Amino acid sequence: MVTIKDMAEILGISTTTVSNVIHGKTNQVSQKTVERVEKLLEEYEYVPNISARNLANNSSGIIGMAIKGRKDRCDNLIANSFFGNLVSAIEAEIRARGYFLMLYISDDVNELMRYVSTWNVDGLILLGMLHDDFARIKSKYKKPAVLIDSYAPRNVADYVNVGLDDEQACYDMAKYLLENGHRKIAFLADNMEGVDYQRYMGFLRAMHDHGLETNEDNLIMIHPGILERRSNMQEIYEKSKNYTAFMCCSDYYAVLLMSDFLDRGVRIPEDISFTGFDDDYTARLVRPKLTTIRQDIREKGRIAVDSLEKLIRGEKPENKNYCLPVELVFRDSVKKITE
């Protein structure tokens, strides 16, 4: 295998010049020399030794991503369009900056802590952390870290978080349903922690502000596990007869319910209305098209990676709590009740 020294001797230039061209540091190298080196690199199909380069820079060139999820959804978490799109956005952003991604998913924060504390990564992105999860991880992991969609209390640990105002977003969507004449509204989620809890709080606040009483019947839980879902869907269908609208915590669940209800002969939105959260591609593909809350998942991933890279370089973060904007997207899945 040809080495940098071999190529330098062939071209009659220094090894430093060859190395600079390989790593894109060409400000002090003539265009003619750059072209000669690049031609030789192509001829010998030269591949840089990344491990050696990173060792010299005291860097692994790897960014880790750890996701905490419920046990019954961890096996297929990336199939959920939000998680799939977010991981894809982060990987693309990391790759564009010259890093590689290492991903681990578990429902057990102790398991996550064991693994990430042994990873030779330059930094870590954490998703799904609750309460004191991050503080426990930081007790073992001392390198830079950034959280996404965290609602861990600030007095537990100092951290950078990239998220949304989930509570206000769902307040606004519930208000939209109320303004369209809906009074019997159910909120659907698969847990009451973190993001979903905040979204539910927004729903409750809107109902309260309109003088409507709510109780545990307004909260409908869906099982994320596929094996349990069949009987669960029958139960949700029976409960739906008491409501005119479903506010779903994600587009994924909204589309899942819409598909099931359509198979049962339910007309949407004539018989029941639906809203989602995220505005992923399924919201535009489903019929009727889904009214939802749009968030920019790619921008969320970009800011998380950018913040982490600055921490890796030893820079202070410009912001420790990013609250990205959302937008209500009105489509065809909500009926206006005029009676």
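A brief report on the enclosed structure follows. As the structure is a prediction and not an experimental result, all values here were calculated from the model.

Turning our attention to the pattern of salt bridges. Evaluation of the coordinates by the stated rule reveals 21 salt bridges. The residue Asp306 makes a salt bridge to Arg97 at a minimum N-O spacing of 3.3 Å. Placement of the pair is Asp306 in helix α14 (residues 297–312) and Arg97 in the loop between α6 (81–96) and β2 (100–106), with a sequence separation of 209 residues. By relative accessible area, Asp306 is classed as buried at 19%.

As a further point, take the packing of aromatic side chains. By the definition in use, this model includes 12 aromatic pairs. Taking the centre distance of 5.3 Å and the plane angle of 75 degrees together, the rings of Phe82 and Phe83 count as edge-to-face. On the basis of an interplanar angle of 90 degrees and a centroid distance of 6.1 Å, the ring pair of Phe246 and Phe261 is categorised as edge-to-face. Of this pair, Phe246 sits in strand β8 (residues 245–248) while Phe261 sits in helix α12 (residues 251–263); the two residues are 15 residues apart in sequence, bridging distant segments of the chain. On the basis of relative accessibility, which here comes to 0%, the residue Phe246 falls in the buried class.

Bringing the nonpolar core into the picture now. When a protein is soluble and globular, its nonpolar side chains tend to lie buried together. Phe246, Phe261 and Phe274 are the most contacted members of the largest nonpolar core, which has 71 residues in total. Broken down by element, this core gets its largest block of residues, eight residues, from helix α9 (residues 166–179). When sequence neighbours within four positions are dropped, the list of residues in contact with Phe274 reads Phe246, Cys248, Ala254, Leu257, Met258, Phe261, Ile268, Leu290, Thr291, Ser333 and Val334. By size, the runner-up hydrophobic cluster in this structure holds 18 residues, among which are Val109, Leu112, Met129 and Tyr141.

Here the focus is α9. End to end, α9 covers 20 Å across 14 residues, agreeing with the expected 20 Å (1.5 Å per residue, within 8%). Across the 14 residues of α9, 10 count as buried, placing the element largely inside the fold. Within the sequence span of α9, burial applies to Asp166, Glu167, Ala169, Cys170, Tyr171, Met173, Ala174, Tyr176, Leu177 and Leu178. Directly after α9, the chain includes Gly181, whose backbone phi takes a positive value near 90 degrees.

For the rest of this paragraph, the subject is the pairing of strand β6 (residues 185–189). Along a regular strand, successive side chains alternate from one face of the sheet to the other. The buried count for β6 comes to five of five residues, which makes it a mostly enclosed element. Judged by which residues are buried, β6 turns out to be covered on both faces: Ile185, Phe187 and Ala189 on one side and Ala186 and Leu188 on the other are all buried. Note that β6 and β8 share four bridges and pair parallel. Note on β8: the bridge partner recorded for Leu188 is Cys248.

Read across the sheet, four strands follow the order β7-β6-β8-β9 without closing on themselves; strand pairing throughout is parallel. The open sheet terminates on both sides in strands that have one partner only, identified here as β7 (219–221) and β9 (273–275). The average angle at which neighbouring strand axes cross in this sheet is 25 degrees, direction not considered. Here three bridges tie β6 to β7, and the two strands are oriented parallel to one another.

What follows covers the environment of Met65. Along the chain, Met65 turns up in strand β1 (residues 62–68). Of the residues examined, Met65 reaches a relative accessible area of 0% and is grouped as buried. Separated by 40 residues in the primary sequence, Met65 and Ile105 place their C-alpha atoms 8.5 Å from one another.

So, about unusual backbone geometry. Cis geometry marks the peptide bond from Ile268 to Pro269, where omega comes out at 10 degrees. Within the fold, Pro269 resides in the loop between α12 and β9. Positive phi is not limited to glycine here, since Asp278 has a value of about 125 degrees. With respect to the secondary-structure elements, Asp278 resides in the loop between β9 and α13 (281–285).

The next thing to look at is the sheet that holds strand β3 (residues 123–127). One open sheet accounts for six strands, arranged β2-β1-β3-β4-β5-β11; its pairing is parallel. Across the chains shown, the open sheet's two edge strands, defined by having one partner strand only, are β2 and β11 (321–324). Recorded for the sheet is a direction-independent mean angle of 20 degrees between the axes of neighbouring strands. The pairing of β1 with β2 spans seven bridges and is classified as parallel. Within β2, the position partnered with Gly64 by the bridge is Met102.

Reading the values: rules and limits
- Counting from 1, residues in each chain are numbered in the order their sequence is written.
- Two thresholds apply to this predicted model, a pLDDT of at least 70 for residue-level local features and 80 or more for giving and counting side-chain atom pairs, whereas whole-chain, interface and lining totals are computed over all residues.
- Water and hydrogen atoms were dropped before computing side-chain values, which therefore reflect all heavy atoms in the structure.
- Note on definitions: salt bridges are taken to be side-chain nitrogens of Lys or Arg within 4 Å of carboxyl oxygens of Asp or Glu.
- Helix and strand definitions follow DSSP, with helices as H or I runs of at least four residues and strands as E runs of at least two, each counted in order from the N terminus.
- Exposure classes here rest on a 1.4 Å probe applied to the protein chains alone. A residue is buried below 20% of its type maximum, exposed above 50%, and partly exposed in between.
- We call Phe, Tyr and Trp rings a pair once their centres come within 6.5 Å, taking the six-membered ring for Trp, and we label the pair stacked below 30 degrees between planes, edge-to-face above 60, and tilted otherwise.
- We call a set of buried Ala, Val, Leu, Ile, Met, Phe, Trp, Tyr and Cys residues a nonpolar core when their side-chain atoms join them within 4.5 Å.
- Throughout, a residue-residue contact means that at least one pair of heavy atoms, one from each residue, lies within 4.5 Å.
- An expected span of 1.5 Å times one less than the residue number is assigned to each helix.
- Between any two strands, pairing holds if DSSP finds at least two bridges.
- Comment: axis = line fitted to C-alpha atoms, over the contacting stretch for helices; angle = value between 0 and 180 degrees taken between N-to-C directions.

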